[in-house]
Amino acid sequence: MSRNILFLSKTINSNVRRLCTTPTPVQKAEKLVLIDVNDKTGYGTLSMNRLPVNSLNVELFNALSDAYDEMEKNKSRGVILTSTSPKIFSAGLDINDLYSGDSKSWSELWDASQEAFLKIYDASFPSAAAINGHAIGGGCFFSMICDYRAMVKGYQIGLNEIQVGIALPKVLVMIMGKLLPRRHAEISLTQGTLYSPEQASKINLVDDVVVDKAEAIIKCEAFLNKFRKIPMDAVNTTKRTIRREEIDYIRNNKQKDIDDFVKAVESVEAQNTIKMYYQALKNKK
Ligand SMILES: CC/C=C\C/C=C\C/C=C\C/C=C/C(=O)SCCNC(=O)CCNC(=O)[C@H](O)C(C)(C)COP(=O)(O)OP(=O)(O)OC[C@H]1O[C@@H](n2cnc3c(N)ncnc32)[C@H](O)[C@@H]1OP(=O)(O)O
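The structure presented is a predicted model; accordingly, all values stated were derived computationally and were not measured.

J.: Residue-level account of the side chain of aspartate 94, with values.
T.: Position of aspartate 94 relative to the elements: it lies in the loop between β6 (88-90) and α2 (95-100). In this structure the side chain of aspartate 94 is engaged in a polar contact, spanning 2.9 Å, whose partner is the side chain of arginine 50. Discounting residues that sit within four places of it in the chain, aspartate 94 has contacts with Arg50, Ser55, Leu56 and Asn57.

J.: Can you explain the packing of aromatic side chains? Please cite residues and give values.
T.: Pairs of aromatic rings are described using the distance from one ring centre to the other and the angle between the two planes. This structure, assessed with the given rule, holds nine aromatic pairs. Plain terms: the ring middles of phenylalanine 117 and phenylalanine 141 are 5.9 Å apart, the flat faces sit at 20° to each other, and that makes the pair stacked. In this pair, phenylalanine 117 is assigned in helix α3 (residues 103-121) and phenylalanine 141 in helix α4 (residues 138-144), connecting sequence segments 24 residues apart. Comparing phenylalanine 117 with phenylalanine 141, the two get one shared label, buried. Taken together, a centroid distance of 4.8 Å and an interplanar angle of 15° make the contact between tyrosine 148 and phenylalanine 223 stacked.

J.: Any chance you could break down the pattern of salt bridges for me, citing the residues and the numbers?
T.: A complete count under the given rule lists 15 salt bridges for this structure. Residues aspartate 69 and lysine 119 are paired through a salt bridge, measuring 2.9 Å at the closest nitrogen-oxygen approach. Separated by 50 residues along the polypeptide, aspartate 69 in helix α1 (residues 58-73) and lysine 119 in helix α3 bring together distant segments of the chain. Take aspartate 69: its relative accessible area is 35%, and that puts it in the partly exposed class. Given the relative accessible area of 27%, lysine 119 is considered partly exposed. Here aspartate 111 and lysine 254 are joined by a salt bridge, their closest N and O atoms 2.9 Å apart. With aspartate 111 in helix α3 and lysine 254 in helix α11 (residues 254-266), this pair connects stretches of sequence that are 143 residues apart. A relative accessible area of 32% places aspartate 111 in the partly exposed class. Linked by salt bridges that have partners in common, Asp111, Glu115 and Lys254 make up one network.

Calculation notes
- Residues numbered from 1 in each chain as written.
- Predicted model: local features only at pLDDT ≥ 70, side-chain atom pairs only at ≥ 80, totals over all residues.
- Heavy atoms only, no water.
- Helix = DSSP H or I, 4+ residues; strand = E, 2+ residues; numbered from the N terminus.
- Polar contact = N/O pair within 3.5 Å; in protein donor to acceptor, adjacent residues only side chain to side chain.
- Contact = heavy atoms within 4.5 Å.
- Phe/Tyr/Trp six-rings, centres within 6.5 Å; stacked < 30°, edge-to-face > 60°.
- Buried < 20%, exposed > 50% of the residue type's maximum accessible area, 1.4 Å probe, protein only.
- Salt bridge = Lys/Arg side-chain N within 4 Å of Asp/Glu carboxyl O.

What follows is the structure in structure tokens.
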């Protein structure tokens, strides 16, 4: 059974296409999240596909939410989150949106990010991130809310929001504070440190360092396999107890959290920094 070729199947929604094994090849579909369900294991591989860098905008957040809805509907046994790019998992929030937006568009962006966050963090199945390239800012955060992370050597990972001029949103601080030892979380959040996978594994930011994407997928499958003999209701009840604080925070403070994000992005200082950051990115070549 070939799992590497894209095949035509019913379109789930405007931005998500399920890959399956029905033998009708078509040209590569330009969907923002590609879904490939392994019929044998029941695991869905979700590949972010907003090239070149999988920068996160409203459409990509919505496509991730829709993909998770589809996995829930099909009673998935687990998800592997990865990317179609050969060297970038995700470059974080779309700098163009931060640079040229306004309070309305930033509100919509954060609203969509909250939805995607809740779908992944409160899913009824485990998620494993196969980090096959750089995972920066929001890209790092989306791997952090999975249950497991395997990262390919040679790339960088970290929450660098502060370098872009954005005060760290509360839920990122909460989750980073739980994942990393306190001192590392504090340094990482206030300095926007980017780590090699080897460094990241020493501070719990990634679980395994691997040589390539294929090995990352194998590690993710091995992680998901650990749940096969455990009743998922018990796992989910336990997981929700562990994650309740962040989930409740977003559910009960949705508008405040959006307002906080907009305030952080629209401040003069943040806008000046975003502008310089944007120009440096564009002048890189
Ligand atoms: C409730 C909350 C729930 C969820 C919240 C979820 C997420 C949000 C969380 C917190 C706030 C997050 C903030 C951020 O993420 S700020 C963005 C941080 N990201 C970065 O700083 C990455 C910047 N990019 C890079 O460092 C490099 O581009 C990278 C290492 C990724 C790749 O380098 P490479 O040399 O391979 O390529 P480039 O030539 O640099 O880039 C190619 C192309 O892509 C454009 N680009 C890169 N990054 C971005 C981006 N983030 N947004 C938009 N566009 C990006 C780059 O300009 C190039 O474009 P072009 O010159 O036109 O070819």
